Every structure is written in C-alpha cells, then in structure tokens.
Amino acid sequence: MTTSKRHADDTPNRPDDSPTRPLNFIEQIVEDDLRTGKFQGRVQTRFPPEPNGYLHIGHAKSICLNFGLAARYGGLCNLRFDDTNPCKEEMEYVESIKEDVRWLGFDWGDREFFASDYFEQLYQWAEQMILSGDAFVCDLNNEQIREYRGTLTEPGRNSPFRERSVPENLDLFRRMRAGEFPDGSRTLRAKADMAHPNLNMRDPVMYRILHAHHHRTGDTWCIYPMYDFTHGQSDSIERITHSICTLEFENHRRLYDWYLDRLGIYHPQQIEFARLNLTYTVMSKRKLLELVQEKRVSGWDDPRLPTLRGLRRRGYTPEAIRRFCDRIGVAKFHSYIDVTVLENSVREHLNATAPRVMAVLRPLRVVLTNVPQEHVEHVAAINNPEDPSAGARQVPFTRELFIERDDFREEAPKKFFRLVPGGEVRLRCAYIIRCDEVIKDESTGEVIELRCTCDRKTLGKKPVGRKVKGVIHWVAASTCRKVQVRLYDRLYTRERLDDLPPGEDANQYLNPNSLEVIDDCRIEPSAAEAQPGQRFQFERLGYFCVDSRDSQPGQPVFNRTVPLRDTWAKIDKANKSR
RNA sequence: UACCCGGUGGUGUAAUUGGCAGCACUAGGGAUUUUGGCUCCCUUAGUCCAGGUUCGAGUCCUGGCCGGGUAGCCA
C-alpha cells in the first residue's frame with residue numbers, strides 16, 4: 001500500500017489515523033464511559049477558542065482531538081467562542097477562526113455557539129447562587145481582593161462583605177447589572193472557602209463590572225461573567241460529555257465541578273491534556289503578537305509563523321497537519337515535538353500529491369555545443385512518479401540551458417557525483433552531457449558558463465560502456481520563466497524558547513536566515529501560469545507553493561514549504577568538517 | 001514553602017491494566033533509483049532512584065529525587 005492511498009481520503013471530520021493506532025488516554029476514558037453508559041452512550045465535544053487571536057498549530061491539535069473524538073465515536077463537536085472578555089475580543093477573529101477550522105477540514109454544522117449567547121442564563125444562575133447563599137457582592141477593590149486571598153502557603157481571609165444579607169446581595173447585583181456602579185467598584189463572588197489550598201476556590205470572582213462594548217452583545221451588558229463561571233455552564237447547556245482543555249486548567253477543574261454541583265445542572269467531565277510545543281518556534285499568543293507588532297515577520301500569515309494562516313501560505317496542507325496531530329499523540333506530559341515531525345508530515349503528503357516540475361534557483365548557463373542554435377525538442381517528463389494518474393508533460397529542450405550552480409564544481413569533493421570538468425551527468429528526463437570547457441569571468445574568476453556536449457544516444461537509454469550516476473535538473477534558457485522564490489527556514493536558531501537563561505530574550509535567537517528571497521530563479525514554462533495556492537515539487541529541491549498574496553497573473557511567486565531530504569548536504573558537511 | 005499534575009531510547013508515544021518493553025521520527029549502515037527524493041532492509045539506544053508486595057512490577061504500595069502548574073476583576 002502506498003502512502004498516497006492512505007492520504008486520498010480528505011473527508012471532513014474524519015480522523016486520519018489508522019484504525020490500529022493505540023488509544024490515547026482520552027480515547028480510553030471515552031471508551032470506558034461508553035462501556036459504562038456514563039453519558040448514555042453519547043459523545044459530545046467542543047472546540048472553545050477565545051476570539052482574541054489567530055489559530056496556530058497548537059490549536060490544530062485541540063481541534064483534531066475534539067472533532068476527531070466526535071467523528072471516531074459517532075458524536076458531535078461544537079464550535080464555541082469563549083467571548084466573555086469584551087476588552088480583548090473582536091469579530092475579525094471570529095471570522096478568521098471559522099475560516100481556519102473549515103480549512104483544516106472540520107465541520108461544526110449548525111452548532112456554532114457563543115458563550116455570550118448564554119449571558120442571560122448565566123445571570124439567572126448567578127441570582128440563583130445569591131438566593132442559595134452561595135454568592136455575595138463584594139466591595140473590595142482589585143488589590144484588596146488580592147490581599148485577602150492569602151498566598152500559596154497561607155490561607156486567605158474572609159471579605160468583610162461576605163455576610164451581606166441575601167436581599168442586599170440581590171439588590172446590589174441587580175444594580176450592578178443596571179449600570180449604577182463604576183468599573184472595578186464591586187464584584188459578585190462565590191462563597192466557597194478562603195482557606196482552600198486551591199486558590200481558585202478562595203471565593204472566586206463570578207462577575208466583574210465592565211462598561212465595555214461587546215462584539216456581539218453590544219452595550220446590553222456592563223457586567224461580564226468570568227471564565228470559570230461561564231465555561232462549565234456553557235458545556236452544561238450544550239450537553240457536552242467530555243470537556244477537553246489544556247493542562248493550565250487542571251487547577252480550575254475543582255471550581256468547574258463546584259459551580260455545576262451548586263447549580264445542580266448537567267455535569268460534563270473536564271479532561272486536561274498537554275498543549276503542543278514545537279522546536280525552533282514559539283506558540284504563545286503573546287510572543288506571536290509581539291513578532292507581528294514589532295514587524296519581525298510580515299504579519300499573522302507570515303509563512304515562518306506556526307499560525308494556520310502562516311502554514312497555509314507556506315504550502316502546508318490540511319491533511320498534513322491533521323496527520324501530524326494524529327502522529328504526535330495526546331498525553332499529560334509537557335513535551336516538545338521536533339519540528340521535523342511536522343516537516344515530514346507535509347513531505348509525505350506532498351510527495352504523494354504534488355506535481356513535479358523543474359526549476360533552477362541559482363542558474364548557471366550551459367551551452368550544448370553539438371546542438372544547433374535553432375533546435376527545439378520536447379522531452380517527456382512524468383508529473384508524479386508516485387501517482388501514475390498525474391500523467392506526463394512535454395518539457396522544451398534547447399541548445400542553451402540553465403542548471404543549478406550547486407550542481408557544478410570545478411573540484412569534486414569525495415562522493416560528489418554531479419557535473420565536474422570533463423565529467424558526465426544525466427539531465428533529468430533528457431540526455432547525458434559532458435562538460436568540456438569552463439568559461440569564467442576574467443576579472444572575478446567566477447564561473448559564468450559551461451560548454452558541454454550532449455550524447456544524443458542517451459534519451460531514455462543508459463549510456464554504453466560507462467556508468468553515469470549523477471542526475472541534475474535543468475531548464476531551457478529560451479523558454480524558461482524568471483520567477484521569485486522565497487526560501488523559508490526555521491524562525492529561531494534555538495530549539496526551545498521557553499527555557500531561556502535569565503536575562504535572555506527569544507529575539508536573540510531569531511534566525512537571520514529564516515527568509516532568503518531569490519529573484520533570479522528560472523522555471524519551466526508549464527508552471528508559469530500556476531495559480532495561487534498551487535503546490536509543486538521542484539525536482540531535487542523541495543516543495544513549493546504559489547504565494548497567494550504577492551503573485552500576479554502569469555507571474556507566480558513561490559514559497560518553499562520544505563526542502564527535500566538532502567543526503568548530499570549531510571555528506572558535504574561531513575566532508576568539510578573533516 | 002501549600003496544593004495539584006507529571007517522569008518509558010536523542011524526540012514523541014504504546015504495553016491486552018501484574019506476564020517477552022513495542023511503534024513512529026531522528027541518527028548510523030545497506031539495497032534500489034533517470035529526483036543524493038520516494039520505497040525497502042538492518043543497527044545503536046529506554047522504564048528517575050531506593051525499598052516493599054508478588055512466581056513475576058514500566059504497571060501496585062511506601063519514601064525520596066527531578067520537572068511543570070497555581071496568588072487576573074484574562075482565557
């Protein structure tokens with residue numbers, strides 16, 4: 001079975017995993033629950049982003065997990081925007097998130113929800129808690145609340161307002177809603193336990209006063225519920241069975257359970273897993289935002305960023321990302337995934353699907369002295385050896401060609417089997433040529449042209465009496481097109497950016513060579529009309545994608561998604577260090 | 001220093017829940033090759049430590065070590 005077969009299925013909401021993959025710990029919990037009938041055999045998950053930033057590959061892990069679980073067990077996955085903080089959230093993010101989730105290949109049907117849709121219900125529940133004596137209006141300000149909270153090792157103290165009467169609390173809370181008080185002057189707090197070792201349980205704030213315009217509810221509200229008082233109830237309303245979140249919410253589970261129990265409503269199960277860390281990049285919204293704002297990258301869709309928009313522009317496929325997410329597993333251990341795992345995922349998919357084309361990044365002129373000036377021939381080239389249905393194309397072959405500068409060396413190092421003076425090499429899909437003469441710029445000594453002869457008996461045939469091991473790519477000088485190519489590399493030179501020595505900043509480790517723009521590349525004519533988003537393998541070089549922002553009709557700009565594995569580069573490096 | 005969570009080759013993740021520590025990636029070697037790609041084969045390398053229970057412990061118990069999280073009116 002070829003890998004291309006496994007990759008053929010691009011149906012949304014389908015996990016890309018093989019059925020034989022062992023279950024991760026969350027799948028085991030779900031299967032146990034299915035077995036015991038805990039949720040009457042239902043599986044209902046949700047992906048709950050806050051619309052305050054763009055999605056990145058770490059979110060993709062969560063998306064694949066939640067939608068994958070639903071798909072695997074015949075359940076449903078909702079898309080829910082966790083929009084309880086009007087100060088940071090915007091509609092623009094809502095749209096971009098939807099676009100990215102859809103692009104990844106998932107479908108939430110009509111189950112598109114907003115926590116803000118539940119504001120009225122949440123408010124009613126808050127009143128219910130006041131009535132049951134589980135909540136009170138507190139007049140302490142920000143700093144005072146912090147002081148009263150105690151520390152990690154010392155218990156907190158009760159707020160002086162903790163024993164207000166139910167009618168007074170109710171009155172005050174209603175007037176908070178009515179807008180009678182300024183921001184920060186009062187809060188609604190839960191009456192939990194100020195001595196609790198879990199600080200989240202020390203009379204947590206349920207509502208704060210915020211006279212802010214909300215992207216969906218406008219000015220309807222001037223009090224907004226906190227995450228803890230929103231998330232569990234939202235899960236409850238939506239009848240979520242397994243509420244999957246990242247490890248930093250582990251300490252919040254106690255509160256999550258407490259609110260649901262006090263309210264006496266349907267109780268989903270929160271399960272935490274470790275967020276994704278990738279080597280040579282950063283994943284936090286804060287760092288990502290900083291890179292964009294300080295213009296260290298061109299924007300949220302800069303192809304060097306791990307954002308879904310960046311990866312998309314870089315040429316990554318949804319399939320490759322889903323496959324990656326399936327491959328890295330799910331656990332509670334804080335781990336770092338080697339970025340090569342991601343790179344291999346695209347290589348695998350693109351190897352199976354991307355049409356091959358020849359392009360020369362750094363051209364070196366070759367003149368075939370035994371080919372007439374006006375000679376134009378078309379040689380057949382297979383579009384994708386991994387996919388016979390991709391067919392073949394005709395590539396023009398003429399007297400003057402360009403080859404890659406790297407494919408010629410005046411002095412051949414050990415194991416170099418490309419072109420050398422007096423040596424032979426195969427032109428991919430065409431003839432074997434021999435280098436007879438090296439023309440140099442007299443002043444600089446730079447090699448500017450090679451005079452070669454073409455063995456016309458070697459088209460589709462092995463040469464007689466000798467072995468020619470090297471194969472190089474080329475384009476015909478007269479018919480090729482000049483294009484811009486951008487070579488992207490990892491954003492940072494340091495593997496892990498979250499364990500910097502004190503005083504150091506991640507910016508010190510920004511890779512100065514993360515982007516190399518080459519304007520003088522040549523590509524065979526068949527790719528000149530490529531459309532934005534189209535992906536190719538440039539033979540022997542790597543996978544490239546037509547940039548969707550800077551390409552013009554008939555003038556594509558190519559972004560390198562990832563280079564091909566390069567065994568020669570390793571040998572060459574070893575040679576040099578010897 | 002309180003509470004919570006975690007620790008299996010270099011990286012990540014399994015082990016039928018107490019029964020031969022497996023898989024993927026990486027690295028190294030080889031085969032094949034009109035892409036130094038792909039594919040195929042081989043090799044190196046691991047249960048944090050110390051006790052205990054047991055015929056048998058990665059798994060259970062006790063103690064320790066190490067790492068992470070938590071003191072927003074952020075999520």
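Residues numbered from 1 in each chain as written. Chains lettered and ligands numbered in written order. Predicted model: local features only at pLDDT ≥ 70, side-chain atom pairs only at ≥ 80, totals over all residues. Heavy atoms only, no water.

(A) Expanded view of the domain arrangement of chain A. As assigned here, chain A comprises domain 1 (5-115 + 231-345), domain 2 (119-228) and domain 3 (356-576). For domain 2 and domain 3, the distance between their C-alpha centres works out to 65 Å. (Domains from an automatic or database assignment.)

(B) Broad picture of the confidence of the model for chain A. Residues of chain A with pLDDT of at least 70 account for 96%, and the chain-wide mean is 94. For the stretch residues 1-19, pLDDT sits under 50, and the model shows 32 contacts to residues farther than four places along the chain or on other chains. Reported for the predicted complex are a pTM of 0.95 and an ipTM of 0.95. (pLDDT = per-residue confidence, 0-100. Contact = heavy atoms within 4.5 Å.)

(C) Inspection of the sheet that holds strand 7 (residues 223-225) at higher detail. The four strands lie next to each other as 4-5-6-7, forming an open sheet whose pairing is antiparallel. On the outer flanks of this sheet lie strand 4 (135-138) and strand 7, each paired with one strand and no other. Here the strands of the sheet are splayed against their neighbours by 20° on average, with no regard to which way each runs. Bridging between strand 5 (residues 187-190) and strand 6 (residues 205-209) involves three bridges; their strand directions are antiparallel. Of the residues in strand 6, the one forming a bridge with threonine 187 is arginine 208. Those strands touched by helix 5 (residues 119-131) are strand 4, strand 5, strand 6 and strand 7, and its axis lies near 120° from that of strand 6. (Pairing = 2+ DSSP bridges. Helix = DSSP H or I, 4+ residues; strand = E, 2+ residues; numbered from the N terminus. Axes fitted to C-alpha atoms, helices over the stretch in contact; angles between N-to-C directions.)

(D) The environment of asparagine 277, seen in detail. By secondary structure assignment, the location of asparagine 277 is in the loop between strand 9 (269-273) and helix 10 (285-293). Note: C-alpha distance between asparagine 277 and leucine 131 (146 residues apart in sequence) is 45 Å. If sequence neighbours within four positions are ignored, asparagine 277 has contacts with Ser335, Tyr336 and Ile337. Polar side-chain contacts of asparagine 277 include one of 3.2 Å to the backbone oxygen of serine 335. (Polar contact = N/O pair within 3.5 Å; in protein donor to acceptor, adjacent residues only side chain to side chain.)

(E) Layout of helix 12 (residues 318-328). By the criterion of burial, helix 12 is predominantly enclosed, with nine of the eleven residues buried. Of the residues making up helix 12, those classed as buried are Pro318, Glu319, Ala320, Ile321, Arg322, Arg323, Phe324, Cys325 and Ile328. (Buried < 20%, exposed > 50% of the residue type's maximum accessible area, 1.4 Å probe, protein only.)

(F) The nonpolar core, seen in detail. Of all hydrophobic cores here, the largest spans 39 residues; its most connected members are Ile57, Val101, Ile321 and Phe324. Every element with two or more residues in this core is listed here: helix 3 (57-72), strand 2 (76-81), helix 4 (91-104), helix 11 (308-314), helix 12 and helix 13 (339-353). Ranked by the residues each element gives to this core, the list is headed by helix 3, at six residues. The contacts of isoleucine 321, once residues within four sequence positions are left out, are Ile57, Ala60, Trp103, Leu104, Leu308, Leu311 and Tyr316. Listed in part, the 33 residues of the second largest apolar core include Leu122, Ala135, Met206 and Trp221. (Core = buried A, V, L, I, M, F, W, Y, C linked by side-chain atoms within 4.5 Å.)

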